[in-house]
Amino acid sequence: MRSKSWPCAFFALTLMAAGSAAGNAAAYTVSGTVVDEEGRAVPDARVWFVDGQTVLSTQADGSGAFSFTHQASGEVDVVAFVPGMALGGARTPLIEDVSVELDLAPAIETRLRTVDPRLRPIAGARLVRLRINDHFNAPVALLSGEGLPPIRSDAEGNLVIPF
């Protein structure tokens, strides 16, 4: 009888240890400034902190400054957007407090056509994720619920990336 109760006791002890370890995770701050290609502050930019499926959102202040505090570690993406400008961002390890500068350049519109294997247009295809210059990831599908314009193809399969 006693041997059957050990696995349950071990399981409960494991859960308690996992819970206390998760509760002790350090909180780190990612702060920075959004600037244009000439280094001037970009006020009021929308800025997102992305850790897997977790998205935090804020708006840069009048001097382009922003800050996030998050209880996690590992690599995270910080993405900035202002209508009429390209996305800016950085991928950074979150193992201590970190400061980043997010550079925004004028937008360059990119046009694509989505087709199926028979070369018929695909209407309503959505852009899910962008990898920008191997510098950072922009999970467009996640961010579209947080203020980034959604990107979908039209009836002819045309998809326009406006940034």
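**Q** Tell me about the nonpolar core, and please be specific about residues and values.
**A** The biggest cluster of nonpolar side chains holds 21 residues, and the ones touching the most others in it are Val34, Val47, Phe66 and Leu102. Within the residue set of this core, elements represented by two or more residues are strand E1 (28-36), strand E2 (46-51), strand E4 (65-70), strand E5 (74-81), strand E6 (88-94) and strand E7 (98-104). Ranked by residue count, the leading element in this core is E7, at four residues. The residues touching valine 47, leaving out its near neighbours within four places in the chain, are Val34, Leu56, Ser57, Thr58, Ala60, Phe66, Phe68, Val78, Val79, Ala80 and Leu102. Within the second largest apolar cluster, 18 residues are counted, among which are Leu130, Ile132, Ala138 and Val140.

**Q** Which residues make up the environment of arginine 46, and what values go with them?
**A** Following the sequence through the fold, arginine 46 ends up in strand E2. Spatially, the C-alpha atoms of arginine 46 and proline 83 are 9.5 Å apart, while their sequence positions differ by 37 residues. In this view, arginine 46 contacts Ser57, Thr58, Gln59, Val79, Ala80, Phe81 and Glu146; residues no more than four positions away in its chain are not counted.

Conventions adopted
- Residues numbered from 1 in each chain as written.
- Predicted model: local features only at pLDDT ≥ 70, side-chain atom pairs only at ≥ 80, totals over all residues.
- Heavy atoms only, no water.
- Core = buried A, V, L, I, M, F, W, Y, C linked by side-chain atoms within 4.5 Å.
- Buried < 20%, exposed > 50% of the residue type's maximum accessible area, 1.4 Å probe, protein only.
- Helix = DSSP H or I, 4+ residues; strand = E, 2+ residues; numbered from the N terminus.
- Contact = heavy atoms within 4.5 Å.

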